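Each chain, letter by letter, is given below.
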4 protein chains.
Amino acid sequence: MKRVGILTSGGDCPGLNAVIRGAVLSGEQTHGCEFIGFRDGWRGVLEDDTLPLPRSAVRGISRLGGTILGTSRTNPLSETGGHAVVSAAMGRHRLAGLIAIGGEGTLTAARILSDSGINVIGVPKTIDNDLGATDYTFGFDTAVQTATEAIDRLRTTGESHHRCMIAEVMGRNAGWIALHAGMAAGAHAILIPEHRVPLNQIAAWVSSAHDRGRAPLVVVAEAFVPAGQKAPYSPRGLDTFGRPRLGGIAMLLEQQLQEMTGIETRATVLGHIQRGGEPTAFDRVLATRLGMAATRAAAAGGWGTMVSLRGTRISTVDLGVAVGTVKVVPESRYREARELFG
Amino acid sequence: MKRVGILTSGGDCPGLNAVIRGAVLSGEQTHGCEFIGFRDGWRGVLEDDTLPLPRSAVRGISRLGGTILGTSRTNPLSETGGHAVVSAAMGRHRLAGLIAIGGEGTLTAARILSDSGINVIGVPKTIDNDLGATDYTFGFDTAVQTATEAIDRLRTTGESHHRCMIAEVMGRNAGWIALHAGMAAGAHAILIPEHRVPLNQIAAWVSSAHDRGRAPLVVVAEAFVPAGQKAPYSPRGLDTFGRPRLGGIAMLLEQQLQEMTGIETRATVLGHIQRGGEPTAFDRVLATRLGMAATRAAAAGGWGTMVSLRGTRISTVDLGVAVGTVKVVPESRYREARELFG
Amino acid sequence: MKRVGILTSGGDCPGLNAVIRGAVLSGEQTHGCEFIGFRDGWRGVLEDDTLPLPRSAVRGISRLGGTILGTSRTNPLSETGGHAVVSAAMGRHRLAGLIAIGGEGTLTAARILSDSGINVIGVPKTIDNDLGATDYTFGFDTAVQTATEAIDRLRTTGESHHRCMIAEVMGRNAGWIALHAGMAAGAHAILIPEHRVPLNQIAAWVSSAHDRGRAPLVVVAEAFVPAGQKAPYSPRGLDTFGRPRLGGIAMLLEQQLQEMTGIETRATVLGHIQRGGEPTAFDRVLATRLGMAATRAAAAGGWGTMVSLRGTRISTVDLGVAVGTVKVVPESRYREARELFG
Amino acid sequence: MKRVGILTSGGDCPGLNAVIRGAVLSGEQTHGCEFIGFRDGWRGVLEDDTLPLPRSAVRGISRLGGTILGTSRTNPLSETGGHAVVSAAMGRHRLAGLIAIGGEGTLTAARILSDSGINVIGVPKTIDNDLGATDYTFGFDTAVQTATEAIDRLRTTGESHHRCMIAEVMGRNAGWIALHAGMAAGAHAILIPEHRVPLNQIAAWVSSAHDRGRAPLVVVAEAFVPAGQKAPYSPRGLDTFGRPRLGGIAMLLEQQLQEMTGIETRATVLGHIQRGGEPTAFDRVLATRLGMAATRAAAAGGWGTMVSLRGTRISTVDLGVAVGTVKVVPESRYREARELFG
């Protein structure tokens, strides 16, 4: 019986529980693996805070948001000796290896641990979809669906009042949520950090939609900065808690576009509703399959890899290949969406 | 064939189209009434901007958010001579009377017009549910449902990160949305303008939930001011566009509660998603029935009244009785909810 | 510390868990009551199958469908001596009384037990909304919302194919779900058991809608029988398992209406999806309040009553008054809906 | 200005309107194309029933279910001379070519027309996802999401009553909806036509779940036939209207599994709710992109092709390659799902 540790790390993401369930069920029923969970990501590894994960612990959880393991932003390598603590924890629990479900930070830590001889398999997790080496990350579809439903609601208010509505969605490094939710909701402008455009271009799109009798709809990623601006609203600035501040670009656009176009304008910051709650069926299936594949890789000794979606297939890639680059929206996808603007 | 004008006025509200459809279908099929619509509320009356409303114009609209007539915040009585302009418009279109669908402002205008001899019937409309003389207003159920679904999403993030989550909902004069969405979502504190409590009481509720292993959830109405505070965040203050500013109390609580409790805290301002989009079945039925009752009253010459829900019955009340007092959350309902706090 | 037993009986109904949570929290925090749960309704009482219900057992359950106590259709009085067994169970667990959450059958049993001296409080439960002495039962709003969303989906298929679509909804004794879901979805005919109409009238409504370019939509309660028919499809008949058979009337109408109108017709039987799943915010609030009121009544010694909704207030009524009559759709509500047909 | 005809053919499918909108907007704004629509699929071509499709005709439609063009199952080649009639219609309207949005039948007709010199581009459409040469078809994600939400509801009823619940989903030739909805909902058995298993194996899965304290959940595709059976319930048989009959396998399983396992069992046939209604964000994006790609291909003279999704890219494939084979669930995907059974 191979023993495997599992942890979820970084921001909440719909589908985490489905990954855990997929890994545990596949392990118990097919591969003769047994799981223990570390609480709150790497914190549980560093502080030896664990819980057993028999099959009964994961029943019915694939449709639940959140993570039964808890999560944190603890970095196992932020202090000297992190590697040794991880290694000791694995020894203490007689673990053949770890399955680490997390984003860029976690996968980078996983790669470093793997390079120094610790058995790790990564499962890519981010609602932002900005991880390379996989077509989609689980959580992204749910975030897009939630954002789209919210924007559909904003739209009726815009149409009733002949207003311009602005919706700020998540996306710190890449505009994937804005691109997809904007296309799905029929936005007249989609603004993403990868493609800076000046305010007067945005105002022209807004005015053009208004002139055709539409209620202009702008979907903007939190990290967008208009071309020619220095981001006085500090989209990457810090709030009073030392965290990046949501809502900066939404407020700037609300003020500037109303001034430039003369059209009454209202901004809404969708915020955390995008990262919580029940996963869509798409994300449940993807997350379940990724969890099963992680166990399959663990059972086969495929350490140092990350599981990944390519087309309709789940495969594995080397952790070294998987991390290090942000997957931004390519120019071709932006140009495609832009045909629908104005 | 009696001709009746119809208009929607004030903020967007789920169910407006269902009222219009109910009024028109009932008029055409049962009461021999014919409708014309005024565009954008009283603006359409003042500027004679109308559209015909045959049965075919309202087909399939009861499930659509927004209003096919458009809306605005124009007050017909804000300038001298408004009464005469309304009267002239009615004469020009040979209208026996008007059905005005709107909130406190519109119903007050309707009462004044009615007192001076103009035939008006009011239909109460507000997502805030703060109009007297009716058990519920249409739009409220949808706003509560939308807020509850959003808060359910926030909750999983709170639980995964062991954070306190704060959700700010609408409610400028009364805390009805906060009360209902807070009860539905299982909040550990519900904060409404009718019942000011000091920050240290709120912090105690948050800490108590945290101590029992829960992720504390606070639902707060936009107009709540903590006891003993002067509202430095100016919940009734104005933003750069001269509008009341959302989010003030959410940001204050985020900062203060985190400081007082030591628990990581995140606030989300739900904003305009609460007032747009598809109505719930409850609101579609209520709105349809109110629209039908308005036409029934018009056909019977029951001018100067407002249609209203009492228990499961639709009735009419005198416009003079209906307006003038804000329906706040009574002490008994607050005490009931408070049994669930902490 | 007063000890109270609680049980859920009869068919699944959204909001059961919210009732349980409301009763337990209110009891522990305000009234000094302590709860034990009986598993699977009266079966748990008869077989002494219980579980403790401290506050921690009900955390977060108000938004969950189903019942953490389980349910069954066991009737405590179906065999001689039932009364004594119930009484003995209460003695064994030192219970001051029982809170019984159930429908007509359970409430009737509760009344009989109460009459013979057992302390019981009833909480009315049925998605069908056919219990008297309360404006609405919890679960009904969710059933109507679920049915309406499903019918909205059927409608687009009808419109794309120019077909007549028939949706059969639940309602064994009364047409409340059909009435509300039909109004909400904009049906061209609503068929309920309280108001039998002949097939040729239904066909006329369908043809009239079709002639105006609409895709006819018929919403029918499972127990509707066309006027002049003997129910050859046996809506109250039994299937191979001895249960009433769903779908009989839908199939009859599909065949007959297609034949009579020449319009391609498709029927869908919504079935069990109407009685499961997450409750709406409306039902969560109503159920929570009813649960709290049941505990309040228990603490005050108000045995032999049923909690009930009147307008916006929760009150109690005598169990003897509450049971015995089915609350059918009154003629006035049917006539109101019928103005929208055709 | 290139003129292009567009039509939607076959069964309703969420996303049809998004394809039309994507094609028209892309044509007008980028490629100098102008569109006319044929009503009700090939019927509109054969009977010359058309409508103009300027940009204003497609505003806001991407989130609407159904098709603004209407659809039918008319086959243009079912009678002699079909080819000539299509050709004449195209000449009469000076069309450079046709964009045909449809399933296997339509794409086969498109290929035959194309082979005989008529300019056609196909857009693959089926909720069943059983068309080759594309990773997914639009409509499938919505069907899976709708089915999953319905099954989530059934599940709570199963758990409350300790019953086995059976959900029959669509899938005439392939089990894709059952596979995905079953995985998403956490089914204890998924039954698809590609992989016949005997009834006693299904009963064993059901009993195994029941023995572990679960409410067994079975998801079955309409066309599944148990191994060793002759389909006495005639899954491919015809109903009284000459259409394949839904519900046959659900009823058979309900009866047989209850008998074999002794566990109370209830079946629900989800039916037409799976093919109508608002598309998910995923399907809106996919459909919009496919529509745009179809116009791009038309503008470039790429006739005789079908647009297709490969990974995250939209490409074109030869119509001859695209049709002729049903894309069934491969053995590897079934084995993967099966690890979760029982």
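Conventions adopted
Residues numbered from 1 in each chain as written. Chains lettered and ligands numbered in written order. Predicted model: local features only at pLDDT ≥ 70, side-chain atom pairs only at ≥ 80, totals over all residues. Heavy atoms only, no water. Domains from an automatic or database assignment. Buried area = accessible area lost by both parts, 1.4 Å probe. Salt bridge = Lys/Arg side-chain N within 4 Å of Asp/Glu carboxyl O. Polar contact = N/O pair within 3.5 Å; in protein donor to acceptor, adjacent residues only side chain to side chain. Least-squares fit on C-alpha atoms with pLDDT ≥ 70 in both. Contact = heavy atoms within 4.5 Å. Helix = DSSP H or I, 4+ residues; strand = E, 2+ residues; numbered from the N terminus. Nonpolar A, V, L, I, M, F, W, Y, C, P; charged D, E, K, R; others polar. Axes fitted to C-alpha atoms, helices over the stretch in contact; angles between N-to-C directions. Parallel < 35°, antiparallel > 145°, perpendicular 65-115°, else oblique. Left-handed = near helix turned anticlockwise from the far one by under 90°. Pairing = 2+ DSSP bridges.

**Details of the domain arrangement of chain A**
Residues and elements named next belong to chain A. When cut into domains, chain A gives domain 1 (2–138 + 279–322) and domain 2 (143–276). Each of domain 1 and domain 2 was reduced to a C-alpha centroid, and the two centroids are 34 Å apart. Across the domain 1 to domain 2 interface the summed buried area is about 890 Å²; carbon plus sulfur atoms make up 54%. The interface formed by domain 1 and domain 2 holds zero salt bridges in total. If you look at where domain 1 meets domain 2, you find one residue pair in polar contact (both at pLDDT 80 or more).

**Topic: the relation of the copies chain B and chain C**
Between the two copies, chain B and chain C, the superposition gives an RMSD of 0.0 Å; the rotation angle is 180 degrees and the shift along the axis is 0.0 Å. Seen this way, the second copy is the image of the first under a two-fold rotation axis. Of the C-alpha atoms belonging to chain B, the one lying closest to the rotation axis is found on Gly 311 of chain B, 1.9 Å away. Both copies contact each other with a shared surface, as 100% of the interface residues of chain B are interface residues in chain C too.

**Some thoughts on the interface of chain B and chain C**
The partner chain C presents 46 residues to the 46 residues of chain B that form the contact. Taken together, both faces of the contact between chain B and chain C bury some 4,100 Å²; the carbon and sulfur share is 48%. Where chain B touches chain C, the interface holds five salt bridges. Between Arg 284 of chain B and Asp 152 of chain C there is a salt bridge whose closest N-O contact spans 2.8 Å. Taken together, the links from chain B to chain C amount to 18 residue pairs in polar contact (both at pLDDT 80 or more). Of all the elements in the fold, those that place two or more residues in the side of chain B that touches chain C are helix H1 (16–31), helix H5 (140–161), helix H6 (176–185), helix H9 (281–299) and helix H11 (331–338) of chain B. Its residues placed into classes, the side of chain B that touches chain C shows 12 nonpolar, 16 polar and 18 charged.

**Some thoughts on the packing of H1 of chain B against H9 of chain B**
Residue and element names in this part refer to chain B. Where H1 meets H9, the closest approach of the two axes is 7 Å, and the angle between their N-to-C directions is 45 degrees. In terms of orientation, H1 and H9 fall into the oblique class. Crossing hand, H1 versus H9: right-handed. Judged by residue contacts, Ala 18, Val 19, Gly 22, Ala 23, Ser 26, Gly 27 and His 31 of H1 engage Arg 284, Ala 287, Thr 288, Gly 291, Met 292, Thr 295, Arg 296 and Ala 299 from H9. In the contact of H1 with H9, the residues fall into six nonpolar, seven polar and two charged.

**Quick word on the interface of chain A and chain D**
Between chain A and chain D, the contact holds 46 residues from the first and 46 residues from the second. Summed over the shared surface of chain A and chain D, the number is four salt bridges. Note that Glu 336 of chain A is salt-bridged to Arg 289 of chain D, the shortest N-O span being 3.0 Å. In terms of residue count, helix H9 (residues 281–299) of chain A provides more of the side of chain A that touches chain D than any other element does, eight residues in total. Across the side of chain A that touches chain D, the residue classes break down as 12 nonpolar, 16 polar and 18 charged.

**Overview of the relation of the copies chain A and chain D**
With an RMSD of 0.0 Å, the fit of chain A onto chain D corresponds to turning through 180 degrees and sliding 0.0 Å along the axis. A share of 100% of interface residues in chain A that are also interface residues in chain D marks the association as one of identical surfaces.

**Here we look at the sheet that holds strand S6 (residues 164–169) of chain D**
All names here are of chain D. The four strands lie next to each other as S7-S8-S6-S9, forming an open sheet whose pairing is parallel. Each of the sheet's edge strands pairs with one partner strand only, and the pair in question is strand S7 (189–191) and strand S9 (265–269). The average undirected angle you get between the axes of adjacent strands in this sheet is 15 degrees.

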